[in-house]
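Here's the letter readout for the chains.
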Amino acid sequence: MGASCGGPRDPESGRPTADAAPLASGVLDALLVIADPTGEFITEERVDAVVASADPQVAWAIADLLRFHQVGEVAEILISAAGRLTGLELDPYSPLAWVEVTNHLMTRDVQAGEWLREFKEKLYGGFEAEWTAFVGDAEADVDWRFVTWGGVLPDRRPLDSAEPCLCIPALDHPAVTDASGGDWYQPQRIVFGVVVNGEARAYPRHMMEVHELVNDTLGGREIAIPYCTLCGSAQAFFVDGGDDRLVLRTSGLLQRSNKIMYDLASGSYFDTFAGRAVSGPLQGTELEQVTVVTATWADWVRAHPETTIVARDGGLGRTYDDDPLGGRDLGGPIFPVGAIDGRLPASEQVLGIVVAGEAWAIPVSEARAHLDAGRTVSVGDVVVDLTSGGLVAFDGGSQLVTHQAYWFAWSQFNPTTKVWRAQGAG
């Protein structure tokens, strides 16, 4: 069965383990009437009737509506309702009231029952038909409280399409050059490096910030490389198992500020951080990951002189800004994530590893300074070292699959994680 929303959660996975109390009679019917992305059926009288239930879990629905109606008369009605349900003093004209409300609900772990999926099916499916396969799946393994709209439409283009869209367009099988052909890329700028069967390739970060997902062929394998800019996390997955390769696309939806991918062919949606299908025919499938090394271009090409790098125009004949995001995410998450573990700054980069079933976060800057001083960085039998210009973990000489991410992202998806510190574990 699909995961319910709210209630006690498993300490390892963070997933719900029990249902919330049911809504009072008639409340769900009333909510489904106002589950309207156009706002046509959202009136003060109807919203007041829902708020009259005085059930805090109803605030999840109001926050969802506020995501789609951030300003104007409808937004003011919804903000008033959210304030009455949560006790928050909200600015009635703030377009970010939905963030404040959702963070409040997350931090307090306010429960919500299966009704929330039905509500989202009406609201999200009414806004974008593509999402109906996901929000309409009662068996989906997801906590619906944490699913929200990222502000763009899904990428529905077929593989290798270069057509424009109102989406974050994946870059498929990009044009590449050899290392000398990459002399346009400044040596100290960041690349995400991947090696498959001895073949190395560098993906410039500023291009990944535009596309957020690359489908490529490397070392004779088909791979997909999603980059969640919001989480500072680049990952790589093999997608060529079975008869047909997966074609991964950005869905336009998020969970706790992490992008949700989906496969064009099957319609299955994926928890990107885990690489696991949470809905559709592939539900339960976990993709095999490949290590992504975050390094400067100079360090990467020094370690891999035969590397290729994505061509300056991506093969699309376009120009990429040097800094498309302008440091947007360095001040912390801009989408709701609830309480942030205070052991490290929210946007500090960490290398996430799992040792003997236990999650660990290695602060990148601290580990680099430790290694530069000639010291060892280790967790049990796992040793972290600088390889190809980035941090890589080894267990008995075998390289472990790792990737970097912002601390808030790693810690929320691994709530029991320990933190390596130069002076001991935290």
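Here, the structure is the one placed above.
Some points on the overall build of the protein chain
Scanning the protein chain from terminus to terminus reveals 11 helices and 24 strands. On C-alpha atoms alone, the protein chain measures out to a radius of gyration of 22 Å, which is about the 22 Å that the 2.2 N^0.38 rule sets for 426 residues. Overall, the C-alpha framework of the protein chain stretches about 70 × 50 × 40 Å when taken along its three principal axes. Relative to its 426 residues, the protein chain shows a buried fraction of 56%. In the protein chain, of all internal contacts separated by at least 6 residues, the share reaching a separation of at least 24 is 63%. By element, 50% of the accessible surface of the protein chain is carried by carbon and sulfur atoms, the whole surface being about 17,200 Å².

What to know about the packing of helix H4 (residues 73–86) against helix H5 (residues 97–107)
Packing of H4 against H5 leaves a shortest axis separation of 11 Å and a crossing angle of 20°. Compared by their axis directions, H4 and H5 come out roughly parallel. Helix-helix and strand crossings are classified by hand; for H4 and H5 the assignment is left-handed. Taking contact as the criterion, the partners of Ile79, Ala82 and Thr86 in H4 are, on H5, Ala97, Val101, His104 and Leu105. Per-class residue counts for the contact of H4 with H5 are 5 nonpolar, 2 polar and no charged.

Describing the state of the cysteines
Counting across every chain of the model gives 1 disulfide. Sulfur-sulfur distance for the disulfide between Cys165 and Cys167 comes to 1.7 Å. On the sign convention where negative is left-handed, the bridge of Cys165 and Cys167, at about -70° about the S-S bond, is left-handed. On the basis of relative accessible area, Cys165 is assigned to the partly exposed category, the value being 30%. Unpaired in terms of disulfides, Cys228 finds its nearest cysteine sulfur in Cys231, a separation of 3.7 Å.

As for the packing of aromatic side chains
The tally for this structure, following the rule as stated, stands at 16 aromatic pairs. Summarising the aromatic geometry, the rings of Phe68 and Trp149 are spaced 5.1 Å apart at their centres and angled 5° between planes, so their arrangement reads as stacked. One end of the pair, Phe68, is in helix H3 (residues 58–68); the other, Trp149, is in strand S1 (residues 147–149), and 81 residues separate them in sequence. An identical accessibility class is assigned to Phe68 and Trp149; each is buried. Ring centres 6.2 Å apart and planes at 50° place the aromatic pair Phe273 and Trp410 in the tilted group. Linking Phe273 in the loop between strand S12 (269–271) and strand S13 (276–277) with Trp410 in helix H11 (residues 407–413), this pair joins segments that are 137 residues apart in sequence. The residues Phe273 and Trp410 share a single accessibility class, namely buried. One aromatic cluster in this structure is built from Phe68, Tyr124, Phe127, Trp131 and Trp149. Cation over ring: Arg256 sits above Phe413, and NZ or CZ is 4.8 Å from the ring centre. Over the face of the ring belonging to Tyr320 we find Arg318, whose NZ or CZ atom lies 4.5 Å from the ring centre.

Observations concerning the nonpolar core
Counting 74 residues, the largest nonpolar core has Leu31, Phe119 and Phe134 as the members making the most contacts within it. Considering each element in turn, this core owes the most residues, 9 residues, to H3. Membership of the second largest hydrophobic core comes to 32 residues, among which are Val191, Ile225, Tyr227 and Val392.

Things to note about the pairing of strand S7 (residues 221–228)
Burial runs high along S7: 7 of the 8 residues are buried. Here strand S6 (residues 213–218) pairs with S7 via 6 bridges, running antiparallel. Note that in S7 the partner of Val214 across the bridge is Ile225. Hairpin connection between S6 and S7: a loop of 2 residues separates the two successive antiparallel strands, and Gly219 in this loop has a positive phi of roughly 60°. Across 2 bridges, the pairing between S7 and strand S9 (residues 236–238) is antiparallel. Bridge pairing in S9 places Ala224 opposite Phe237. Linking S7 back to strand S8 (residues 233–234) in an antiparallel pair, the connection comprises 4 residues, with Gly232 at a positive phi of about 60°.

The rules we used
Residues numbered from 1 in each chain as written. Predicted model: local features only at pLDDT ≥ 70, side-chain atom pairs only at ≥ 80, totals over all residues. Heavy atoms only, no water. Helix = DSSP H or I, 4+ residues; strand = E, 2+ residues; numbered from the N terminus. Rg over C-alpha atoms; globule rule 2.2 N^0.38 Å. Buried < 20%, exposed > 50% of the residue type's maximum accessible area, 1.4 Å probe, protein only. Contact = heavy atoms within 4.5 Å. Areas by Shrake-Rupley, 256 points an atom, 1.4 Å probe, with all protein chains shown as cover. Axes fitted to C-alpha atoms, helices over the stretch in contact; angles between N-to-C directions. Parallel < 35°, antiparallel > 145°, perpendicular 65-115°, else oblique. Left-handed = near helix turned anticlockwise from the far one by under 90°. Nonpolar A, V, L, I, M, F, W, Y, C, P; charged D, E, K, R; others polar. Disulfide = S-S within 2.5 Å. Phe/Tyr/Trp six-rings, centres within 6.5 Å; stacked < 30°, edge-to-face > 60°. Lys NZ or Arg CZ within 6 Å of the ring centre and 35° of its normal. Core = buried A, V, L, I, M, F, W, Y, C linked by side-chain atoms within 4.5 Å. Pairing = 2+ DSSP bridges.

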